[in-house]
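Residues per chain, in single letters:
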Amino acid sequence: MNTMIVIGGGLAGSEAAWQLAQQGIQVKLYEMRPGNPTGAHVTNDLAELVCSNSLGSNQSDRASGVLKNELRRLNSLLVECAEATALPAGAALAVDREAFARRVTEKIQSHPNIELIREEVKEIPAQPVIIASGPLTSDNLSKSIAALSGDEHLFFFDAISPIVRAESINMNIAFRASRYDKSEQEEGDYINCPFTKEQYYEFLNALRTAERIELRAFEDAIKSGVKAGHFFEGCLPVEIIAERGDESLAFGPMRPVGLRDPQTGKRPHAVAQLRQDNLAGSLYNIVGFQTNLKFPEQRRVLRMIPGLENAEFERYGQMHRNTFIASPKLLRPTLQHITRDDLFFAGQITGVEGYMGNIATGLVAGLNAARWLKEQSLLTLPQESMLGALCHYITHASLKDFQPMKANFGILPELGLEKKIGKREKGQAYADRAAQTLDNYLQANP
């Protein structure tokens with residue numbers, strides 16, 4: 001029986017292993033935890049969600065929704081697991097992160113074609129392999145990848161949001177609602193903490209002047225040649241956003257549009273939203289509040305949020321280094337390495353961003369690795385599909401300003417419309433074309 005090694009038991013590695021196993025391939029899935037912890041993960045389960053518990057929009061006319069529908073079309077294991085452990089989150093797909101990871105782990109461990117091996121892989125094996133080691137790739141494996149590819153590593157910094165205990169939120173001030181009343185629960189899927197203009201500016205000043213954790217270990221990496229800058233734009237710490245202008249937060253993660261404070265009947269000047277983080281509803285994460293403040297400072301400053309004056313924190317925000325390769329120079333759209341047909345990369349290490357991008361590239365790498373082992377033609381998905389566009393972007397972008405990319409309509413070919421249409425209409429047109437193009441391609445390439 002054909003055998004493939006998969007390195008990394010995160011979102012991409014788990015999806016890749018499943019797709020291979022479903023094609024009759026014997027899989028050895030290596031996960032270095034718990035023997036070699038990462039500093040960001042807290043459990044031993046596969047597919048643990050380190051940052052947010054939201055997998056993005058479920059709406060068919062949004063880029064993330066388009067990608068989810070494509071993954072459903074291709075029988076993604078992780079999308080099925082996400083839907084089985086979903087929490088109320090309006091138009092988004094959010095999950096109980098522990099239940100989600102547990103379900104993925106159980107599925108992987110029970111598959112007869114998958115052997116889960118809890119060991120660190122220290123160098124690239126000289127046999128068919130998918131590297132899906134994620135943004136926290138071990139130093140040993142990083143050196144092996146660098147030896148193969150030269151020194152073409154890029155770094156960016158990622159931050160994760162704090163989590164608070166639900167019973168510590170003051171619901172006399174905070175209120176439940178979803179923007180524009182788009183919610184699954186009658187009372188609203190989010191807890192909203194409203195700011196007056198005065199409260200907002202007091203909070204803004206405290207945030208800007210609070211002490212931050214020094215990143216000297218990362219500073220050395222920057223000096224040695226970081227091409228992507230300090231932070232990936234999609235995961236900027238809230239204090240970095242605050243430095244960009246007085247209203248940058250009010251027009252960013254704290255935008256109050258589509259919300260009215262029931263106590264005043266008016267739209268707040270700004271709002272901090274909290275999203276349910278577990279099925280029991282006992283934990284909530286502060287949406288968009290990734291931070292690198294020192295833990296005592298987080299406690300002090302975040303308790304200035306109206307409704308969180310007595311907040312108890314289950315987890316403080318953290319910062320960690322993410323590693324990704326120079327995919328435009330090193331990978332083909334099939335996710336194969338340019339010098340080795342039997343070497344595939346998947347997940348965040350390729351330069352895709354967001355949970356769905358990780359799952360998507362894991363799925364593509366798994367399908368293509370199985371086809372390669374079976375001596376079948378590999379899939380280069382059409383650029384009109386979100387899956388194809390992501391794979392095309394990371395393998396064709398300009399290396400000069402290559403940064404991690406998540407699903408968005410900007411990476412799709414233009415529609416070529418003769419007249420101007422609204423944003424939602426345009427999104428649906430992209431979605432319809434993507435679905436039809438992908439379906440036609442898959443029918444022609446069974």
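Residues numbered from 1 in each chain as written. Predicted model: local features only at pLDDT ≥ 70, side-chain atom pairs only at ≥ 80, totals over all residues. Heavy atoms only, no water.

1. Focus on the environment of Arg275
At step 1: Within the secondary structure layout, Arg275 lies in strand S12 (residues 270–276).
At step 2: When its relative accessible area of 7% is taken as the criterion, Arg275 is described as buried.
At step 3: Sequence-wise, Arg275 and Asn192 are 83 residues apart; in three dimensions their C-alpha atoms are separated by 9.0 Å.
At step 4: Residues within four places of Arg275 in sequence aside, it is in contact with Ser52, Asn53, Ser54, Ala89, Ala94, Tyr190, Leu283, Tyr284, Asn285 and Val287.
At step 5: Within the structure, Arg275 has its side chain in polar contact with the side chain of Asn53 (distance 3.0 Å). (Helix = DSSP H or I, 4+ residues; strand = E, 2+ residues; numbered from the N terminus. Buried < 20%, exposed > 50% of the residue type's maximum accessible area, 1.4 Å probe, protein only. Contact = heavy atoms within 4.5 Å. Polar contact = N/O pair within 3.5 Å; in protein donor to acceptor, adjacent residues only side chain to side chain.)

2. Some details on unusual backbone geometry
At step 1: Although it is not a glycine, Ala47 sits at a positive phi angle of roughly 55°.
At step 2: One can find Ala47 in the loop between strand S2 (26–30) and strand S3 (54–57).
At step 3: Phi is positive for Glu375, which is not a glycine, with a value near 60°.
At step 4: By the element assignment, Glu375 lies in the loop between helix H11 (355–373) and helix H12 (386–396).

3. Details of empty space enclosed by the protein
At step 1: As enumerated under the stated definition, the model contains 1 cavity of 30 Å³ or more in all.
At step 2: Looking at the largest cavity, its volume works out to about 30 Å³.
At step 3: Residue lining of the largest cavity: Leu74, Leu363, Val364, Leu367, Asn368, Leu379 and Leu381, and that is the complete set.
At step 4: Taken together, the residues of the lining of the largest cavity sort by class into 6 nonpolar, 1 polar and no charged. (1 Å grid on protein atoms, 1.4 Å probe; cavity = no way out; pocket = protein on both sides within 12 Å on 5 of 7 lines; lining within 4 Å. Points joined across faces, edges and corners; volume = space filled by probe spheres on them. Nonpolar A, V, L, I, M, F, W, Y, C, P; charged D, E, K, R; others polar.)

4. A look at the environment of Glu414
At step 1: Structurally, Glu414 is set in the loop between H12 and helix H13 (423–444).
At step 2: Taking the C-alpha atoms as reference points, Glu414 and Tyr430, 16 residues apart in sequence, are found 8.7 Å from one another.

5. Things to note about the packing of helix H3 (residues 77–84) against helix H4 (residues 97–110)
At step 1: One can describe the packing of H3 onto H4 by two numbers: an axis separation of 9 Å at closest approach and a directional angle of 135°. The angle between H3 and H4 falls in the class oblique. As H3 runs across H4, the sense of the crossing is right-handed. From H3, Leu77, Leu78, Glu80, Cys81, Ala82 and Ala84 reach across to H4, where they touch Phe100, Arg103, Val104, Lys107 and Ile108.
At step 2: A class-by-class count of the residues in the contact of H3 with H4 yields 8 nonpolar, no polar and 3 charged. (Axes fitted to C-alpha atoms, helices over the stretch in contact; angles between N-to-C directions. Parallel < 35°, antiparallel > 145°, perpendicular 65-115°, else oblique. Left-handed = near helix turned anticlockwise from the far one by under 90°.)

6. Remarks on the nonpolar core
At step 1: Grouped together as the largest cluster of nonpolar side chains are 76 residues, with contacts concentrated most on Leu20, Leu55, Leu67, Leu71, Phe100, Ile130 and Met386.
At step 2: A total of 11 residues in this core trace back to one element, the largest contributor, which is H11.
At step 3: Apart from residues no more than four positions distant in its own chain, Leu55 is found in contact with Leu49, Ser64, Lys68, Ala82, Leu93, Val95, Tyr355, Met356 and Ile359.
At step 4: Within the second largest apolar cluster, 34 residues are counted, among which are Phe203, Leu207, Ala210 and Ile305. (Core = buried A, V, L, I, M, F, W, Y, C linked by side-chain atoms within 4.5 Å.)

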